[in-house]
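So you can see what is in the structure, the chains are spelled out below.
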Amino acid sequence: MEKVAEILAEASAEVVVPRFRALTAGEVMEKAPGEVVTVADREAEVIIARRLRELLPVPVVGEEAVSADPALAHALESEPAVWLVDPVDGTSNFIAGRPDFAVMASLVRSGATVAAWIWQPMTATAYAAELGSGAWRNGERLTRTPASARPGDWRGSVKSRFVDPAERDRLRSNAAAFGEVTPGRHAAGVEYPQIADGEQEFIFYWRTLPWDHAPGSLLVTEAGGVSARLDGSTYRPDPPGGEDGLLVAADPATWERTREILLGVRA
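In this text, all values refer to a predicted model and were calculated from it rather than measured experimentally.

Another aspect to go through is the overall build of the protein. Tallying secondary structure elements over the protein gives nine helices and 14 strands in all. Compactness check: the protein gives a C-alpha radius of gyration of 18 Å against a globular reference of 18 Å for 267 residues, within 12% of the reference. Seen through its principal axes, the protein has C-alpha atoms that stretch 45 × 40 × 35 Å. Taking all 267 residues of the protein together, the buried fraction comes to 54%.

What follows is the structure in structure tokens.
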């Protein structure tokens, strides 16, 4: 666990942090319509992938490698063990000079996330989780306190960018029942820790790219929270495609009540 955390921090220090608020125009590219990447993303992924394979020689499914060759993501279904890497989660924040970004990795065995790491370089905060063993922030165990029973007290995020416009309007209308709802921090590596740390009670996602959600989902569940598909099934880091939505919450009761309010679905 400690070695992977070191790999993320070292790669970040080598090629990511030196470019924070120092990117040149030629170091930011569009990899798909509305999707940007930087040289820091690409260089960090190469470094992290190489060092992870030295630690455990299994395939690496990295966000930037999959952008170049989508077929690589199918290793999540076909291989017994896979590393997942998000070299700069929150790239738009990184480009804009906002500190809300993270470097993330996770280990997937037989389709389930068994270990996860999130490094937030601008605050030097390291999160880690191991299936069945717990979750930690800078070496201290995290235990999520259950939310209050009153939705009007809850703070959450509804990430609706990729939702159908009519459904987006319904979600926003229903979300008025909660105390505070924000559009999120535009980085899963910042948002999931907010649940584990007790800073908010729920997050609704629609698009669920595996490198974004595998680390945080394990962190939250090992801290005592819930990360599940909208039908209640356990989250698994599947290859991209077929968006099923994802609801993350502080505890089982909060998850059920949030789904009921947002989607009008009763258990």
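Turning our attention to the packing of helix α7 (residues 188–196) against helix α8 (residues 210–222). In contact at an axis separation of 9 Å, α7 and α8 are set at 10 degrees when each is read in the N-to-C sense. Classed by the angle they form, the pair α7 and α8 counts as roughly parallel. Along its contact with α7, which presents Ala188, Tyr192, Pro193, Ile195 and Ala196, the element α8 presents Asp212, His213, Gly216, Ser217, Leu219 and Val220.

Right, let's talk about the nonpolar core for a bit. Membership of the largest hydrophobic core comes to 31 residues, with the highest contact counts inside it found for Leu8, Val16, Ile48, Leu52, Trp83, Phe94 and Trp117. Ignoring anything within four residues of it in the chain, the contact list for Leu52 reads Val4, Ile7, Trp83, Val85 and Ala105. Counting 20 residues, the second-largest nonpolar core is a separate cluster that includes Val61, Leu84, Val108 and Tyr235.

So, on to unusual backbone geometry. Across the chain, the bulk of peptide bonds are trans and the bulk of non-glycine residues have phi less than zero. The phi angle at Arg21 is positive, at roughly 60 degrees, despite the residue not being glycine. Looking at the secondary structure, you find Arg21 in the loop between α1 (2–16) and β1 (28–32). When its relative accessible area of 63% is taken as the criterion, Arg21 is described as exposed. Not every positive phi belongs to a glycine, and Ser110 is a case in point at roughly 50 degrees. Within the fold, Ser110 resides in the loop between β5 (102–109) and β6 (112–120).

Following the criterion strictly, the structure yields 17 salt bridges and no others. A salt bridge links Glu43 to Arg19; the nearest nitrogen and oxygen atoms lie 3.0 Å apart. Of this pair, Glu43 sits in helix α2 (residues 39–55) while Arg19 sits in the loop between α1 and β1; the two residues are 24 residues apart in sequence, bridging distant segments of the chain. Using a relative accessible area of 33% as the deciding quantity, one classes Glu43 as partly exposed. Under the relative-accessibility criterion, Arg19 is labelled buried at 17%. A salt bridge links Glu167 to Arg170, with the shortest nitrogen-to-oxygen separation between them at 2.9 Å. Of this pair, Glu167 and Arg170 both sit in helix α6 (residues 165–174), three residues apart, which is roughly one turn of that helix.

Our focus in this paragraph is the packing of aromatic side chains. If you walk through the whole model with that rule in mind, you get seven aromatic pairs. An angle of 45 degrees between the planes, with centres 5.4 Å apart, marks the rings of Phe20 and Phe101 as tilted. Here Phe20 is found in the loop between α1 and β1, whereas its partner Phe101 is found in the loop between α5 (91–96) and β5, with 81 residues between them in sequence. Judged on exposure class, the residue Phe20 and its partner Phe101 are both buried. Taken together, a centroid distance of 4.5 Å and an interplanar angle of 45 degrees make the contact between Phe178 and Phe202 tilted.

What counts and how
Residues numbered from 1 in each chain as written. Predicted model: local features only at pLDDT ≥ 70, side-chain atom pairs only at ≥ 80, totals over all residues. Heavy atoms only, no water. Helix = DSSP H or I, 4+ residues; strand = E, 2+ residues; numbered from the N terminus. Rg over C-alpha atoms; globule rule 2.2 N^0.38 Å. Buried < 20%, exposed > 50% of the residue type's maximum accessible area, 1.4 Å probe, protein only. Axes fitted to C-alpha atoms, helices over the stretch in contact; angles between N-to-C directions. Parallel < 35°, antiparallel > 145°, perpendicular 65-115°, else oblique. Contact = heavy atoms within 4.5 Å. Core = buried A, V, L, I, M, F, W, Y, C linked by side-chain atoms within 4.5 Å. Salt bridge = Lys/Arg side-chain N within 4 Å of Asp/Glu carboxyl O. Phe/Tyr/Trp six-rings, centres within 6.5 Å; stacked < 30°, edge-to-face > 60°.

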